[in-house]
Amino acid sequence: MSREEFPTDDPAVVTCGLPYANGDLHIGHLRGYIGADAFDRSLETLGQQTAYVCGSDMHGTPVAVNAEQEGVDPEAFALEWHEQYEETFPKFGVDFDNYGHTHDETNTELTREIVRTLDEAGYVYEKEIQVAYDPDADQYLPDRYVVGTCPYCGEKARGDECDEGCQRHLEPGEVEDPSSSITGNPAEYRERSHKFFEVSEFSDYLTEFLDGLEGTSNARNQPRQWIEDGLQDWCITRDMDWGIDYPGDESEEGDDLVLYVWVDAPIEYIASSKQYSERVGADEYDWEEVWKDSGEIVHFIGRDIIQHHTIFWPAMLEGADYNAPRAVAATGFITINGKGLSTSRNRAIWADEYLQEGFHPDLLRYYLTTTGGLQQDVDFSWDAFQEKVNGELVGNVGNFLYRSTLFAYRNYEGTPDADVSEEVHERIQDAVEQFRTGVNDYSLREVAGATTELAKFGNEYIQRNEPWNLVDDDPETAEQVIRDCVQIAKAVAVLLEPIAPEKAQQVWEQLGEDGQVGDALLEHALEAPPAEFDEPAELFEKIEDDRVEELNEKLAERVAAASDDADADADDAEADADEGSSADGDAAEAAADLEAIAEDRIGFEEFQDVDMRVGRIESAEGIEGADDLVRLEVDIGVETRQIVAGLKQLHDVDALPGTSVVVLANLETAELFGVESNGMVLAAGEQADLLTTHEDAEPGTKIR
Ligand SMILES: [Zn+2]
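The paragraphs below set out a description of the structure included in this document. For clarity, every value in this text was computed on a predicted model and none was experimentally measured. (Residues numbered from 1 in each chain as written. Predicted model: local features only at pLDDT ≥ 70, side-chain atom pairs only at ≥ 80, totals over all residues. Heavy atoms only, no water.)

## Quick notes on the coordination of the zinc ion
For the zinc ion, the full set of protein donor atoms is Cys150 (SG), Cys153 (SG), Cys162 (SG) and Cys166 (SG), at a range of 2.3 Å. Because the angles between the 4 donor atoms bound to the zinc ion fall within 99 to 117°, the donor set is best described as tetrahedral. (Donors = N, O, S within 2.8 Å, 3.2 Å for Na, K, Ca; no water. Tetrahedral: all angles 85-135°; square planar, octahedral: opposite > 155°, others 65-115°.)

Next comes the structure, spelled out in structure tokens:
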């Protein structure tokens, strides 16, 4: 089943998984909010009517536990974080049309209404279950109040999720060897009556829903497996007093039965849309049309909450007679310098910290949206950040914009009076098409690629035509060339806006355009810019090496300080290992840093898309200016490839020729330090241990 491409005539809503109102934001969070924001802005550029809504998740044990640790009331605690998020998001250009929270009246009422509807439709039943209880604390232990062992994979797990292992949602009573996270005592199980939502009734519906679901493939493949394994009904109440009371139970004192946080959290997507409609009027944006009629619902989420958004949520929507989501885009995690982001170890880049370092938010937006595909994990390092900013933004996009508009300003005080050439018109149209395809493929990298590749063309175009040599001898051609370049600059502004809104606005104003580039549509990329504009300024600033060194040192010191704290903690298993020889400590650290096996399985067909061949290195030489890059000539049977590999510091370059290697042959080409790399030589780990063959397979032999 394929749906009509964006833009459609129906209103859209773009959402991003709600942040728990319980701690500082870091770039792991920002990746999702920026990604969804860029997607929403891209839809607007296509001319799609859309709203980007979100809100803080105020309920649940993640908030209650943290509030309790600080000895404050959960509502006051969560509200404080909520207000901080409201201030922080816009600083990164994350422009919600509405940002509410789950404890407000709109969400509370809507949640009760939806649960009541499910109940009346016969999808909710009551059942006696065993619930963990802490006799010393004299309270029940829902979700994060209890820790134990995952019954599926044996890893340490929280009461409601196997967060360190298989990432399954766990039902109350499922976690084995439960102990209280309040007192540390073993928990008892006590019988309690709870409400269950009949998710199992929706297996067939969900199977069909997943077949039509757009977004990332992991959001379809994982839930298919869960459905195949058999869906369990879902316990939707908890023994707590912080949360939304079960409808009908509002007045009962002492019962303390509230809805599970994962019931009211996604409903905030609807509540927040409703608040937006109420503010701007239903004529401008009708939340009921979106959610109950024919809207395009697009969810951006982290890949740890796929089950909630592709099983529980669509079943609830269907059961309560709401519209089904069109897409779920589940993004990967962020690692820092190749290691897992860890807030407790302070191995993170905090939102505030990034801004305090004085970097423009659009640089981070660009980095996070163009490094890796949506569902891949993305590594952040200050070195990679510098390379991306200096190479792609300063060296390519900024360079083209500055040189072409400065030339136009100096010679014509603006846009020369000429028509855009056929060649450039077509090239801009290609970029527009690439942008449109990127949006419809949920590929922000492709959306950004439309701009960067167009700017690259612009640089080549101006270089090839050398207008500086034409101004005197052939003024007409010079005007023509610069007219083309100014049009490319305008197209770059329009196409760059979703990814880097403030920078795009600067270009827009530079070109003498009025209003907001965010209001521009794709077709404006080909409309003539104003005849006059002022002297341009450079758009991006190069990040110097010493700056990166300083940032790396700061990060390393912070992580070391946090792990000193951890070492002092006798409960910390890794700290214990560190007391041995330093080598043991390193081994423990290295083992702890091994990446978990990707949760998303790929089919054999997808594997077959990867063309790996045996290759033989014919020659190898270092690349000037690059510390560890080597230019290789590799015989892969059908041809000899030039491949750039990061091997210089780890291998004796002269000894490389003759070595059999494994080459990823159908990787897109890349340019590294001005040298084209056509393929990738596979190697293991940071030591770049080269993969080779056991026997004498000939170059060109396929790996399968
Ligand atoms: Zn597990």
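## A word on the pairing of strand S4 (residues 124-134)
Of the pairings in the sheet, the one linking S4 to strand S9 (residues 188-197) comprises 10 bridges and is antiparallel in character. Opposite Gln130, over in S9, you have Glu191 as the bridge partner. Strand direction decides the pairing type here: S4 and strand S5 (residues 139-140), joined by 2 bridges, are antiparallel. Bridge pairing in S5 places Asp134 opposite Gln139. Counted between consecutive antiparallel strands, the loop separating S4 from S5 contains 4 residues, among which Asp138 sits at a positive phi close to 55°. (Pairing = 2+ DSSP bridges. Helix = DSSP H or I, 4+ residues; strand = E, 2+ residues; numbered from the N terminus.)

## Some remarks on a negative patch on the surface
A cluster of acidic residues, Asp383, Glu387, Glu541, Glu544, Asp545, Asp546, Glu549, Glu553 and Glu557, forms a negative patch at the surface. Of all the elements in the fold, those that place two or more residues in the negative patch are helix H12 (382-412) and helix H17 (545-568). The topology assignment puts Glu387 in helix H12. (Patch = residues over 30% accessible without salt bridge, like charges linked within 9 Å, V, L, I, M, F, W, Y side chains within 5 Å. Areas by Shrake-Rupley, 256 points an atom, 1.4 Å probe, with all protein chains shown as cover. Salt bridge = Lys/Arg side-chain N within 4 Å of Asp/Glu carboxyl O. Lys, Arg positive; Asp, Glu negative; His and termini not counted. Charge placed at Lys NZ, Arg CZ, Asp CG, Glu CD.)

## Here we look at helix H2 (residues 61-69)
Residues of H2 that are buried include every one of Thr61, Pro62, Val63, Ala64, Val65 and Ala67, and no others. Here the buried face of H2 lies against helix H3 (74-91). The positive-phi residue at the C-terminal boundary of H2 is Gly71, with phi of around 70°. (Buried < 20%, exposed > 50% of the residue type's maximum accessible area, 1.4 Å probe, protein only. Contact = heavy atoms within 4.5 Å.)

## Things to note about the packing of helix H13 (residues 422-440) against helix H14 (residues 444-465)
Where H13 meets H14, the closest approach of the two axes is 7 Å, and the angle between their N-to-C directions is 165°. In terms of their interaxial angle, H13 and H14 are classed as roughly antiparallel. As H13 packs across H14, the resulting crossing turns out to be right-handed. Contacts between H13 and H14 involve Glu423, Val424, Arg427, Ile428, Ala431, Gln434, Phe435, Gly438 and Val439 on the former and, on the latter, Glu446, Val447, Gly449, Ala450, Glu453, Leu454, Phe457, Tyr461 and Arg464. Class assignment for the residues of the contact of H13 with H14 results in 10 nonpolar, 3 polar and 5 charged. (Axes fitted to C-alpha atoms, helices over the stretch in contact; angles between N-to-C directions. Parallel < 35°, antiparallel > 145°, perpendicular 65-115°, else oblique. Left-handed = near helix turned anticlockwise from the far one by under 90°. Nonpolar A, V, L, I, M, F, W, Y, C, P; charged D, E, K, R; others polar.)

## Description of the sheet that holds strand S8 (residues 176-180)
Across the sheet, which stays open at both edges, the 3 strands sit in the order S7-S6-S8 with antiparallel pairing between neighbours. Only two strands of the sheet have a single partner each, and these edge strands are strand S7 (156-158) and S8. Averaged over neighbouring strand pairs, the angle between their axes works out to 30° when direction is ignored. Alignment of strand S6 (residues 146-149) against S7, held across 3 bridges, turns out to be antiparallel. The residue bridging Gly148 from the neighbouring strand is Ala157, located in S7.

## Re the packing of helix H4 (residues 105-120) against helix H7 (residues 261-280)
At their nearest, the axes of H4 and H7 sit 8 Å apart, and the two run at 120° to each other. By the criterion of interaxial angle, the relationship of H4 to H7 is oblique. Classified by chirality, the crossing of H7 by H4 is right-handed. In this structure, H4 contributes Thr106, Asn107, Leu110, Thr111, Ile114 and Val115 to the contact, and H7 contributes Val263, Asp264, Ile267, Glu268, Ile270, Ala271, Lys274 and Gln275.

Don't take any of this as a statement about function, it's just geometry.
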